[in-house]
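# Architecture and fold: a report
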Amino acid sequence: MRITGISTHVVGTPWRNLTYVQVHTDEGITGVGETRMLGHTDALLGYLKEAEANHILGSDPFAVEDLVRRMKYGDYGRAGEIVMSGIAVVEMACWDIKGKALGVPVWQLLGGKVTDKVKAYANGWYTTERTPEAYHKAARGVMERGYKALKIDPFGTGHFELDHEQTRYAVSLIEAVRDAIGPEAELMLEMHGRFSPATAVRLAKEMAPFKPAWLEEPVPPENLKALKKVAEKVDMPVATGERIHDRIEFRELFDDQSVDIIQPDVGHIGGIWETRKLAATAETHYMLVAPHNVGGSVLTAASLQVGFTSPNFKILEHFNDFADAEIKKVVKGAPQVNPEDGCFHLSDAPGLGVELDVDAAAEFPQQRAHFDLWAEGWEKRNPKDAR
């Protein structure tokens, strides 16, 4: 079997463009991959056009390791977010092809399952007015759908510092959310990498009474010593990793034990097998894995293949029941959260278990999806409100 070409499809919404890639073969089997780029979708499409000619055409889709190695190192330049995301979408599609050809799900090819279900946490649910009352109502809605966990960034447009008034308001939002979801549900606290170490530590202590399940990206991701400074001073798990695009770059995190939970994005770090390798290394350092997952249903399906096969997999992020929920229709067989237990359940469908509906995808053309987290109203994920 050989790859005869790829086709790309961009599904657009006001705050995110999702790039789907179909990999076609000479035996008529087609696989699909997905990633979400912020502001770099056209750059990704340009890279894929060159990579198709230089590396992908004529390749054996079963030889995933070889194709990834050639795409990563065969152009000599150091691979960053765009290249690793391009690798990821093609790599996912190759696993999908392999599973379909063999008649087995991808998780079976990765060593088999270690669990029948993966817990989900909701994100994108607080696209509402930034008030305690509105957040309380929205959080109750999440629980009513069966979720047992959710994530929130309550900090407005704070950058490095957050004044006393804004701090107290953020506390009031978290207080309302905790009251809405009860004491048993997990509440993940997101900082989006925009505070100084001192501010992150102070805010973490303010939020401690509400029992956050983790503190995510408390400082900008470029300085791991600053992250370690925070980790040594807070009494809650620390999570990071969504903006690290090469598993080799996690080495320092492992070496100094800066975090408790790593959050690679399967769509940015080279795909399923790269993420599974990273999870295995994390396991040797007693760290958990909770992938960043801001894409659609194909990326969710790909992330679940890692989840079902990794003993140290904690939970998976899920946007698609709340933000841009209508785009779920572009993928047939989209994974669904079971309302009885708030989990994704194991599927035996071959490959990734999903199919892209190209006609449905065409209903959502690419948009100028500009998501500015430092603008007022960013939490609504509506660029018109955030300018």
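Residues numbered from 1 in each chain as written. Predicted model: local features only at pLDDT ≥ 70, side-chain atom pairs only at ≥ 80, totals over all residues. Heavy atoms only, no water.

### What to know about the domain arrangement of the chain
The figure often quoted for interface size is the accessible area lost as the parts come together. Stated precisely, the cut-off is as follows: What counts as a domain boundary in this text is fixed by an automatic or database domain assignment. In this analysis, two residues are considered to be in contact whenever any of their non-hydrogen atoms come within 4.5 Å of each other. Summed over both partners, the accessible surface that disappears when two parts come together, traced with a 1.4 Å probe, is what is meant by buried area. In what follows, salt bridge is the name for a side-chain nitrogen of Lys or Arg lying within 4 Å of a carboxyl oxygen of Asp or Glu. Whenever two N or O atoms come within 3.5 Å, that pair is a polar contact, provided that in protein one can donate a hydrogen and the other can accept it, and provided that, for residues adjacent in sequence, both atoms are side-chain atoms. Helix and strand definitions here come from DSSP, where helices need a minimum of 4 consecutive H or I residues and strands a minimum of 2 consecutive E residues; each element is numbered from the N-terminal end. Each residue is assigned to one class: nonpolar for Ala, Val, Leu, Ile, Met, Phe, Trp, Tyr, Cys and Pro, charged for Asp, Glu, Lys and Arg, and polar for all the others, Gly among them.
Taken domain by domain, the chain comprises domain 1 (3–105) and domain 2 (108–352). The interface of domain 1 with domain 2 comprises 33 residues on the first partner and 38 residues on the second. Here domain 1 packs against domain 2, burying approximately 2,900 Å² in sum over the two surfaces, 61% of which is carbon and sulfur. Area buried by domain 1 at its contact with domain 2 is led by R16, W95 and P105, which between them contribute 23% of it. For the salt bridge of E249 with R78, the shortest nitrogen-to-oxygen distance reads 2.8 Å. There are 24 residue pairs in polar contact (both at pLDDT 80 or more) connecting domain 1 and domain 2. Elements represented by at least two residues in the side of domain 1 that touches domain 2 include exactly β2 (17–25), β3 (30–37), α2 (64–73) and α3 (81–102). Take the side of domain 1 that touches domain 2: its biggest share by element is 13 residues, from α3. The residue inventory of the side of domain 1 that touches domain 2, partitioned by class, reads 15 nonpolar, seven polar and 11 charged.

### Some points on the sheet that holds strand β1 (residues 3–12)
Quick note on the threshold: At least two DSSP bridges between two strands are required for those strands to pair. Where helices are involved, their axes are fitted lines through C-alpha atoms of the stretch in contact, as for all axes, and angles between N-to-C directions lie from 0 to 180°.
An order of β1-β2-β3 is seen for the three strands of this open sheet, with the pairing classed as antiparallel. Taken across any chain shown, the strands that pair with only one partner, and hence form the sheet edges, are β1 and β3. Across this sheet, the average inter-strand angle for adjacent strands is 20°, counted without regard to direction. Where β1 meets β2, nine bridges bridge the pair, whose relative direction is antiparallel. In the strand pairing of β2, G5 is matched with H24. Across the face of the sheet, helix α11 (residues 297–309) comes into contact with β2 and β3 while running at roughly 105° to β3.

### Things to note about empty space enclosed by the protein
Short version of the rule: Whether a set of points on the 1 Å grid over the protein atoms alone is a cavity depends on a 1.4 Å probe fitting there but being unable to get out, while an open set qualifies as a pocket with protein on both sides within 12 Å along at least five of seven lines; lining residues are those with an atom within 4 Å of a point. Grid points are joined across faces, edges and corners, and a volume is the space filled by probe spheres set on the points.
Inspection of every chain in the model, using the stated rule, returns two cavities of 30 Å³ or more. Taken as a whole, the largest cavity spans an internal volume of roughly 70 Å³. Lining the largest cavity are E217, V219, P220, P221, N223, L224, L227, T240, G241, R243 and I244. Its residues assigned to classes, the lining of the largest cavity comprises six nonpolar, three polar and two charged.

### Points about α3
Note the following rule: Expected span of a helix: the number of residues minus one, times 1.5 Å. Note on classification: 1.4 Å probe, protein chains only; a residue is buried when its accessible area is under 20% of the maximum for its type, exposed when over 50%, partly exposed between these limits.
Under the 1.5 Å per step criterion, the end-to-end length of α3 is 31 Å for 22 residues, consistent within 8% with the ideal 32 Å. Within α3, 17 of the 22 residues are buried, leaving the element largely enclosed by the surrounding structure. The first or second residue beyond α3 is G103, which carries a positive phi of 75°.

### Regarding unusual backbone geometry
Keep in mind that most residues, glycine aside, have a negative phi and that most peptide bonds are trans. Unusually for a residue other than glycine, K211 sits at a positive phi of about 55°. Relative to the helices and strands, K211 is located in the loop between α7 (197–207) and β7 (214–216). A positive phi angle, near 55°, is found at D324, a position not held by glycine. Here D324 falls in the buried class, since its relative accessible area comes to 13%.

### Concerning the packing of helix α10 (residues 272–284) against α11
Quick note on the threshold: Definitions for this section: a left-handed crossing has its near helix turned counterclockwise from the far helix by less than a right angle. A right-handed crossing has that turn clockwise.
The contact between α10 and α11 brings their axes to 9 Å, and the two run at 30°. In this structure, α10 meets α11 at a crossing whose hand is right-handed. Of the residues in α11, those in contact with I272, T275 and R276 of α10 are A302, Q305, V306 and T309. In the contact of α10 with α11, the residues fall into three nonpolar, three polar and one charged.

### A closer look at the layout of surface pockets
By volume, the largest pocket amounts to about 490 Å³. What lines the largest pocket is a set of 23 residues, among which R36, L38, H192, E242 and R243 lie closest to the centre. Taken together, the residues of the lining of the largest pocket break down into seven nonpolar, six polar and 10 charged. Considered as a void within the structure, the second largest pocket measures approximately 190 Å³ in volume. Every residue lining the second largest pocket is counted, 19 residues in all, and those nearest its centre are L304, F308, P335, H345 and S347. If you list the elements that add at least two residues to the lining of the second largest pocket, you get α11 and β13 (343–345). Classifying every residue of the lining of the second largest pocket gives 11 nonpolar, eight polar and no charged.

### Some details on α11
Taking 1.5 Å per residue, 13 residues should reach 18 Å; α11 reaches 19 Å between its end C-alpha atoms and fits that length. Burial within α11 is extensive, with 13 of its 13 residues counted as buried.

### Remarks on the pairing of β2
Summarising burial for β2: eight of the nine residues are buried, a large majority. Counted between consecutive antiparallel strands, the loop separating β1 from β2 contains four residues. Where β2 and β3 come together, eight bridges link them in antiparallel fashion. In the sheet register, L18 faces β3, and the bridge partner there is R36. Linking two consecutive strands that pair antiparallel, namely β2 and β3, is a turn of four residues; a positive phi of about 80° is found at G28 within it.

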